[in-house]
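# Fold and geometry: a report
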Amino acid sequence: MEGSNNSEDFAVGCLLSIKTTLGDEFDGQVITFDRPSNILVLQEGSKPGPRRNIRFLKANYIKEFSFLGQADDPLDVKKCYIDLHTLQAREELALRQAEAEAERIGVGVTAEAQSIFDALSKTLPVRWDKTVIVVMNEVRVSSPYLPDSVSGGTSVANERVKKVIEFERKRLQARGASQ
């Protein structure tokens, strides 16, 4: 059966040893084969467990394969294990990250103001207070977001913020001139 590359050989549950045209070699169990797209979905390794590595492989890239045997359906619901605690933890983390990213987007500000905020955020802790950029919880940058718009904080912190704004404005002007 080696190298025949007949899609009829890709029955659900088959254990195969595969060599690809790209030089990869691995064993896997067929989860499904989609004829219209010619994509084989495999669970790598031959032992099912709580962690699975799923591979999508275009059948055209199979150089040769060997039939290793037949196993039960890898998606048998009686044998599937879903770690709900891990999934819930991942969901909570994704939500926290999305909320943190949303807080980094200014509401009612120009693209230029957002660029200045992003430039400051690369090296300093920043947040939005409506349309004012607050840097290190002490320096405030108001519209029109020029070095003259910087107020509060120590003189050292103030100068640092002004330098970042000047540099970012020059970068934005250079980018605008080149378009």
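Residues numbered from 1 in each chain as written. Predicted model: local features only at pLDDT ≥ 70, side-chain atom pairs only at ≥ 80, totals over all residues. Heavy atoms only, no water.

For the protein, the name recorded in an unreviewed UniProt entry is AD domain-containing protein, with Hevea brasiliensis as its organism.

## Regarding a nonpolar patch on the surface
Residues Ile82, Leu84 and Leu87 make up a contiguous nonpolar surface patch of about 310 Å² in total accessible area. Looking at the secondary structure, you find leucine 87 in helix α1 (residues 84-103). When its relative accessible area of 43% is taken as the criterion, leucine 87 is described as partly exposed. (Patch = residues over 30% accessible without salt bridge, like charges linked within 9 Å, V, L, I, M, F, W, Y side chains within 5 Å. Areas by Shrake-Rupley, 256 points an atom, 1.4 Å probe, with all protein chains shown as cover. Salt bridge = Lys/Arg side-chain N within 4 Å of Asp/Glu carboxyl O. Helix = DSSP H or I, 4+ residues; strand = E, 2+ residues; numbered from the N terminus. Buried < 20%, exposed > 50% of the residue type's maximum accessible area, 1.4 Å probe, protein only.)

## Brief notes about unusual backbone geometry
Cis geometry is found at the peptide bond from serine 143 to proline 144, where omega equals 15 degrees. Structurally, proline 144 can be placed in the loop between β8 (139-141) and β9 (150-151). The phi torsion at lysine 130 lies on the positive side, around 60 degrees, for a residue other than glycine. Here lysine 130 lies in the loop between β6 (126-129) and β7 (132-135).

## Let's talk about the pairing of strand β2 (residues 25-34)
Sheet topology places strand β1 (residues 14-20) next to β2; five bridges connect them, and they run antiparallel. Across the sheet, the residue bridging to serine 17 is aspartate 27, located in β2. A loop of four residues connects β1 with β2, the two strands running antiparallel in sequence, and glycine 23 in this loop sits at a positive phi of about 95 degrees. Bridging between β2 and strand β3 (residues 39-44) involves six bridges; their strand directions are antiparallel. Looking across to β3, one finds that threonine 32 is bridged to valine 41. (Pairing = 2+ DSSP bridges.)

## Notes on the pattern of salt bridges
Going through the model one piece at a time under the given rule, you end up with seven salt bridges. Between glutamate 112 and arginine 169 there is a salt bridge, and its shortest N-O distance comes to 3.1 Å. Here glutamate 112 is found in helix α2 (residues 111-121), whereas its partner arginine 169 is found in helix α3 (residues 155-178), with 57 residues between them in sequence. Of the charged contacts, one joins glutamate 159 and lysine 162 as a salt bridge, the two residues approaching to 4.0 Å between their closest N and O atoms.

## Things to note about the sheet that holds β8
Here we have four strands laid out as an open sheet, ordered β6-β7-β8-β9, and antiparallel in their pairing. At either margin of the open sheet sits one strand with a lone partner, and together these are β6 and β9. Taken together, the three bridges between β7 and β8 define a ladder with antiparallel strand orientation. Across the sheet, residue valine 135 finds its bridge partner in β8, namely valine 139. Relative to β6, α2 is tilted by about 145 degrees, and along the sheet it contacts β6 and β7. (Contact = heavy atoms within 4.5 Å. Axes fitted to C-alpha atoms, helices over the stretch in contact; angles between N-to-C directions.)

## Details of the packing of aromatic side chains
Counted under the stated rule, the structure contains four aromatic pairs. Taken together, a centroid distance of 5.2 Å and an interplanar angle of 55 degrees make the contact between phenylalanine 10 and phenylalanine 33 tilted. With phenylalanine 10 in the segment before β1 and phenylalanine 33 in strand β2, this pair connects stretches of sequence that are 23 residues apart. With a relative accessible area of 13%, phenylalanine 33 lands in the buried category. Ring geometry for phenylalanine 10 against phenylalanine 65: centres 5.3 Å apart, planes inclined by 45 degrees, an arrangement best described as tilted. One end of the pair, phenylalanine 10, is in the segment before β1; the other, phenylalanine 65, is in strand β5 (residues 62-70), and 55 residues separate them in sequence. Feature note: the residues Phe10, Phe33 and Phe65 constitute an aromatic cluster, connected by ring pairs. Sitting over the face of the ring of phenylalanine 26, arginine 55 holds its NZ or CZ atom 3.9 Å from the ring centroid. (Phe/Tyr/Trp six-rings, centres within 6.5 Å; stacked < 30°, edge-to-face > 60°. Lys NZ or Arg CZ within 6 Å of the ring centre and 35° of its normal.)

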